[in-house]
Amino acid sequence: MSQEIYYTHNKTPIMVESKPFGVGGEGNIHKIITSQYKNYCIKIYHARYRTKEKENKISYMVKNPPPKLEDTMFRLCWAKELIYDHKGIFLGFLMPLAFDDSIQLYEITTLKFKKALRSTIWENKFTRATGIGLVNRLKVCLNISAAVYHVHESQKYVFVDFKPQNILINIQGKISITDLDSIQISTGNKVLYRSHVVTPEYTPKESEKIDPKHNQIHETWDRFSLAVMFYENLFGLHPYVGTTNGQYADANTISEKIHHNLCPLGSKRFYFSNPPKQHDYINLFPNTLKTLFLRAFEYGGQDPSKRPSASEWGKELFSIINDPALKKKPIVIPNDIPKQTTHSHPVYPPKPITQPVKPQYKQPINKTSQQTKPVSNDNSGFVAFFLILLICGFIFFIITQTKNSNNLTSEVAVDSTVETIDSTATAATVELPLNTVESTVVTIDSTATAATANLENIYDSYKSTDATGFILFYKGCQTEDDIFQVYIDSKYVGSMLKCYDWQPKTDDYGCVLYTGKAFKVIYYQIKSLRTGKLWYGSVEAPSNETIFVPINAK
């Protein structure tokens, strides 16, 4: 076995194996033979990357590490020392090894385990078909949240190119984050060292206007990447995967869907033709988790600051994992693979960008010319049939959404015999700064309550009517802060934000709210899950005012 000798900045010799055990685009990773550094490895850059700027960047990282580089369940493979040859020429840096026996996180985020991992302890530990497996996956997300929080805490570092291939995981659920030398470094509004690489599937919508090579990247960029990885880990596919139709029929790639804010969870879900059923399994989890994903994708596409931070993810994941109610019944995702998932997840290697295969979508209009041809009398029967299908589909959607609302309150839980990934996992999650970090999250209920504090007189005037319920429209339907509250028999029973995510105050009611005619009309359907009573109808949307609309059971 051939060997090489390199040196630290203070001339300490380090002997390494000449043959690298890891090969990358900018450099290779070598195993250290010197016993003093047995828990470390060395990255040697390819010649063209051994620049003065790179040396200065690594030097800055060595002198200014995040507040916490390692805990029981996570490790940041951060630069520890600069490495030189015998002439004092910069070559690379020394960094910690990942936890023993680790694999790429990507290996377990696909829908189906690769052949090498099937019927092994990996599949047994992280299968989505058991409550234990899904709880273990939630713990992995929690450990990643803790690591990311400590990187962001210094307010100097943004990952920029953050993806599952840069995270290693071992069978105990311990995670190691690698490739940190590509990170962006800044102080205040000044960028000291830029990040030059991105991966489109993990890059947010604002990348259309912001280029990491020339612009400062905000920490909210990483929040998008983090949410995508969590979604893949839990459900086995990218959150933007699906075949689109209508005006978005040509949005074939994931990056194009991100550009158009096309996510099956959001307001444009109707543009998806038979999206993979895995997207529906989010309804098996507490509704608070779905809200975080919606903030990351739907609302974050318009305002990046709405995306949940690593701290917010940590708090929510910690709460779900330790919720006693989840020990009564396991959350289980059926172990079946939808037909159209050949490219439902980015494939690496060899190419960092993949495009899902888009099935042919047949339009009801003959597209031989740019203009729509008038329908002849001979096609009148077909038109009528097509309209009937649309109406039936509309009715089916209302019924389905009502059932989903019911499921949110009845199908969530985890078996009491769930094992932990590691005996120290619970202790590790406590390290997440749940109480010391200032959170910007505002729950729908608390915001809505504050908004209605001055509306008691308006509400009292409606109590004298014959109506059995009311819907409060807060600020109409024109802003990102639209809030809808539902009252039945003078009791506040739940709320919604932007017509999505019913937030029940009680388990007795399910609700569907959606808009039509460009937000000019709001359709509502509320059902008592106890008595079966139904309130439904439509109302003209208020322009930008707060009003109560009386409703009666049908």
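From a predicted model like this one, the values you see are computed outputs, not experimental measurements. (Residues numbered from 1 in each chain as written. Predicted model: local features only at pLDDT ≥ 70, side-chain atom pairs only at ≥ 80, totals over all residues. Heavy atoms only, no water.)

J.: Tell me about the overall build of the chain, residues and numbers included.
T.: Helix and strand content of the chain: 12 helices and 22 strands. Residues counted as buried form 51% of the 554 residues belonging to the chain. Summed over its atoms, the accessible surface of the chain is roughly 26800 Å², and 51% of this surface lies on carbon and sulfur atoms. (Helix = DSSP H or I, 4+ residues; strand = E, 2+ residues; numbered from the N terminus. Buried < 20%, exposed > 50% of the residue type's maximum accessible area, 1.4 Å probe, protein only. Areas by Shrake-Rupley, 256 points an atom, 1.4 Å probe, with all protein chains shown as cover.)

J.: Got a sec to walk through the packing of helix H5 (residues 219-235) against helix H8 (residues 310-321)? Specific residues and values, please.
T.: Where H5 contacts H8, the axes come no closer than 10 Å and their chain directions differ by 30°. With respect to H8, the element H5 is oriented roughly parallel. Across from Leu226, Ala227 and Phe230 in H5, the residues of H8 making contact are Ala310, Trp313 and Leu317. (Axes fitted to C-alpha atoms, helices over the stretch in contact; angles between N-to-C directions. Parallel < 35°, antiparallel > 145°, perpendicular 65-115°, else oblique. Contact = heavy atoms within 4.5 Å.)

J.: So what's going on with the sheet that holds strand S9 (residues 103-104)? Residues and values would help.
T.: Strand order in the open sheet formed by four strands is S6-S12-S11-S9, and the pairing between neighbours is mixed. Because the sheet does not close on itself, it has two edges, and the strands there are strand S6 (74-76) and S9. One ladder, built from three bridges, connects strand S11 (residues 167-169) with strand S12 (residues 175-177); its direction is antiparallel. Within S12, the residue paired with Leu168 across the bridge is Ser176. (Pairing = 2+ DSSP bridges.)

J.: How would you summarise the packing of aromatic side chains if you had to cite specific residues and measurements?
T.: The geometry of two aromatic rings is summed up by the distance between their centres and the angle between their planes. Tallying each qualifying case throughout the model produces 20 aromatic pairs. Summarising the aromatic geometry, the rings of Tyr248 and Tyr271 are spaced 4.9 Å apart at their centres and angled 90° between planes, so their arrangement reads as edge-to-face. Taken together, the positions of Tyr248 in the loop between H5 and helix H6 (254-259) and Tyr271 in the loop between H6 and helix H7 (287-299) put the pair 23 residues apart, joining distant regions of the chain. Overall, Tyr271 belongs to the partly exposed group, its relative accessible area being 28%. (Phe/Tyr/Trp six-rings, centres within 6.5 Å; stacked < 30°, edge-to-face > 60°.)

J.: Now, about the sheet that holds strand S14 (residues 190-193): what can you tell me, with residues and values included?
T.: Read across the sheet, three strands follow the order S10-S13-S14 without closing on themselves; strand pairing throughout is antiparallel. Each edge of the open sheet is held by one strand with a lone partner, namely strand S10 (157-158) and S14. The sheet contact formed by strand S13 (residues 184-187) and S14 spans three bridges and is antiparallel. Residue pairing for S14: Ser186 is matched across the bridge by Val191. Across the face of the sheet, helix H1 (residues 52-63) comes into contact with S10, S13 and S14 while running at roughly 105° to S14.

J.: Outline H8, supporting the account with residue identities and numerical values.
T.: When the terminal C-alpha atoms of H8 are compared, their 16 Å separation across 12 residues agrees well with the 16 Å that a helix rising 1.5 Å per residue should span. Those residues of H8 not exposed but buried are Ala310, Ser311, Glu312, Trp313, Gly314, Glu316, Leu317, Ile320 and Ile321. Looking at the buried residues of H8, the elements they touch are helix H4 (131-153), H5 and H7. (Expected span 1.5 Å × (residues − 1).)

J.: Go over the pattern of salt bridges with me, naming the residues and quoting the values.
T.: Taken as a whole and assessed by the stated rule, the structure comprises 11 salt bridges. Glu107 is the partner of Lys114 in a salt bridge, and the nearest nitrogen-oxygen pair spans 3.7 Å. The salt bridge partner of Lys205 is Glu208, with a shortest N-O separation of 3.5 Å. Classification of Glu208 as partly exposed rests on a relative accessible area of 41%. (Salt bridge = Lys/Arg side-chain N within 4 Å of Asp/Glu carboxyl O.)

J.: Describe the nonpolar core, listing the residues and the values that go with them.
T.: Counting residues in hydrophobic clusters, the biggest one holds 82 residues, and the most contacted among them are Ile177, Phe235, Phe293 and Phe297. Take this core: its biggest share by element is 11 residues, from H4. The residues touching Phe293, leaving out its near neighbours within four places in the chain, are Ala227, Phe230, Tyr231, Leu234, Phe235, Leu265, Ile282, Glu298 and Trp313. (Core = buried A, V, L, I, M, F, W, Y, C linked by side-chain atoms within 4.5 Å.)

J.: Residues and numbers for the environment of Ile44, please.
T.: Inspection of the secondary structure assignment puts Ile44 in strand S5 (residues 40-45). Residue classification places Ile44 among the buried positions, given a relative accessible area of 8%. In this structure the C-alpha to C-alpha distance between Ile44 and Asn28, which are 16 residues apart in sequence, comes to 5.5 Å. Filtering out sequence-adjacent residues up to four positions away, Ile44 remains in contact with Tyr6, Gly27, Asn28, His30, Arg50, Ile83 and Leu91.

J.: Could you give an account of empty space enclosed by the protein, with specific residues and numbers?
T.: Under the defined criterion, the tally for this structure stands at three cavities of 30 Å³ or more. Looking at the second largest cavity, its volume works out to about 50 Å³. Contributing to the lining of the second largest cavity are Phe159, Asp161, Phe162, Asn166, Ile177, Thr178, Asp179, Leu180, Ser182 and Ile183. (1 Å grid on protein atoms, 1.4 Å probe; cavity = no way out; pocket = protein on both sides within 12 Å on 5 of 7 lines; lining within 4 Å. Points joined across faces, edges and corners; volume = space filled by probe spheres on them.)

J.: Help me get a handle on the packing of H4 against H5, residues and values and all.
T.: Running from amino to carboxyl end, H4 crosses H5 at an angle of 165°, the nearest separation of the two axes being 10 Å. Compared by their axis directions, H4 and H5 come out roughly antiparallel. Relative to H5, H4 is oriented so that their crossing is right-handed. For the pair H4 and H5, the contacting residues are Leu134, Arg137, Leu138, Val140, Cys141, Ile144, Ser145, Val148 and His152 in the first and Glu219, Asp222, Leu226, Phe230, Asn233 and Leu234 in the second. (Left-handed = near helix turned anticlockwise from the far one by under 90°.)

J.: Break down H5 for me, with residues and values.
T.: End to end, H5 covers 25 Å across 17 residues, agreeing with the expected 24 Å (1.5 Å per residue, within 8%). Backbone geometry just downstream of H5 places Gly236 in the positive-phi region, at approximately 85°.

J.: Explain the pairing of strand S8 (residues 90-96) to me, and be specific about the residues and the numbers.
T.: In terms of burial, S8 is largely enclosed, as seven of its seven residues are buried. Relative to S8, S5 is paired through five bridges, and the arrangement is antiparallel. In the strand pairing of S8, Ile42 is matched with Leu94. In this structure, strand S7 (residues 81-84) lies alongside S8, joined through four bridges in antiparallel fashion. Paired with Ile83 across the bridge in S8 is Gly92.

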